[in-house]
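Chains, contacts and geometry: an overview
Each chain is listed here by its residues.
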Amino acid sequence: MKILKITLLSAITLFVTNISAQTETIVGVAAGNDNFTTLVAAVKAADLVETLNSEGPFTVFAPVNTAFEALPAGTVDTLLKPESKDALTGILTYHVVAGKFMAVDVIKAINENDGMFSVKTVQGGMITLSLSGDKVMLKDEKGNMATVVMADVAASNGVIHAIDAVVMPK
């Protein structure tokens with residue numbers, strides 16, 4: 001009987017955990033993941049928390065902390081200053097696409113469009129998606145590349161795909 005209680009308790013815990021994960025917004029999911037601490041700080045500095053907590057849905061190509069660390073020295077500190085809010089907002093919204101696009105949707109769109117698919121970002125610029133082997137790649141308007149390193153992180157108002165570089169608008 002003891003085993004049954006533990007199994008039942010584990011099942012209830014798993015169920016409650018899954019419900020919590022599904023009710024967290026993109027910001028909540030990112031804030032709960034140690035890989036996105038720099039991104040969350042940037043979202044707060046740009047006053048985008050309310051926007052990314054809204055109904056959406058959104059697809060966010062979210063740079064991990066190491067992506068921000070790879071930027072030239074001082075870039076992140078400069079962008080987090082109040083006087084850089086507009087530039088920071090532009091960069092962050094360049095990582096967001098309106099609508100919820102799971103990895104299977106992205107791959108299907110790439111394959112149906114001769115290996116490349118361009119999407120308009122919330123910022124207004126374009127990102128080109130392609131495949132390199134089994135990895136989804138993003139090419140920004142400056143020609144820089146990023147790789148999706150973790151796909152389909154579910155949120156109540158969309159999905160997050162973690163990327164290994166910060167992409168930049170024109």
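The structure displayed is predicted, hence computed values, not measured ones.

The subject of this paragraph is the side chain of Ser84. By the element assignment, Ser84 lies in the loop between α6 (75-79) and α7 (85-93). The exposure class assigned to Ser84 is buried, which follows from its relative accessible area of 12%. What Ser84 contacts, discounting residues up to four positions off in sequence, is Thr78 and Leu79.

Looking now at the sheet that holds strand β1 (residues 58-63). Strands sit in the order β2-β1-β7-β6-β5-β4-β3 across an open sheet of seven strands; the sheet is mixed. Strand pairing shows two members of the sheet lacking a second neighbour, β2 (96-98) and β3 (116-120), which therefore form its edges. Here the strands of the sheet are splayed against their neighbours by 30° on average, with no regard to which way each runs.

Turning next to the nonpolar core. Among the nonpolar cores identified, the biggest contains 30 residues, and Phe36, Leu39, Val43, Leu92, Ile160 and Val166 are the most heavily contacted of them. Secondary structure elements with two or more residues in this core: α2 (26-31), α3 (37-45), β1, α5 (65-69), α7, β6 (145-155) and β7 (158-163). Aside from chain neighbours lying at most four places away, what touches Val166 is Pro63, Ala67, Phe68, Leu71, Ile91 and His95.

Turning to the pairing of β3, a few remarks are in order. Where β3 and strand β4 (residues 126-132) come together, five bridges link them in antiparallel fashion. From the neighbouring strand, Ser118 faces β4, where its bridge partner is Thr128. Turn length for the β3-β4 hairpin, with the two strands adjacent in sequence and antiparallel, is five residues, and the turn residue Gly124 shows positive phi of about 110°.

Before going further, it helps to spend a moment on α3. Every buried residue of α3 is listed here: Thr38, Leu39, Val40, Ala42 and Val43. Packing partners of the buried residues in α3 comprise α2, α4 (49-53), β1, α5, α6 and α7. Looking one or two places after α3, you find Asp47, whose phi comes out positive at around 55°.

Let us now look at the packing of α3 against α7. At a minimum axis distance of 9 Å, the contact between α3 and α7 shows a crossing angle of 125°. Taken together, the axes of α3 and α7 lie oblique to each other. Crossing angle aside, the handedness with which α3 passes α7 is left-handed. Of the residues in α7, those in contact with Leu39, Ala42, Val43 and Ala45 of α3 are Lys85, Leu88 and Leu92.

Take the side chain of Asn65 next. The residue Asn65 is located in helix α5 in this model. At 2.8 Å, the side chain of Asn65 forms a polar contact with the backbone oxygen of Asp34. Aside from chain neighbours lying at most four places away, what touches Asn65 is Asp34, Asn35, Phe36, Thr37, Thr38 and Leu39.

Cut-off values and rules
Residues numbered from 1 in each chain as written. Predicted model: local features only at pLDDT ≥ 70, side-chain atom pairs only at ≥ 80, totals over all residues. Heavy atoms only, no water. Helix = DSSP H or I, 4+ residues; strand = E, 2+ residues; numbered from the N terminus. Buried < 20%, exposed > 50% of the residue type's maximum accessible area, 1.4 Å probe, protein only. Contact = heavy atoms within 4.5 Å. Pairing = 2+ DSSP bridges. Axes fitted to C-alpha atoms, helices over the stretch in contact; angles between N-to-C directions. Core = buried A, V, L, I, M, F, W, Y, C linked by side-chain atoms within 4.5 Å. Parallel < 35°, antiparallel > 145°, perpendicular 65-115°, else oblique. Left-handed = near helix turned anticlockwise from the far one by under 90°. Polar contact = N/O pair within 3.5 Å; in protein donor to acceptor, adjacent residues only side chain to side chain.

Remember that the coordinates give geometry; whether it matters functionally is a separate question.
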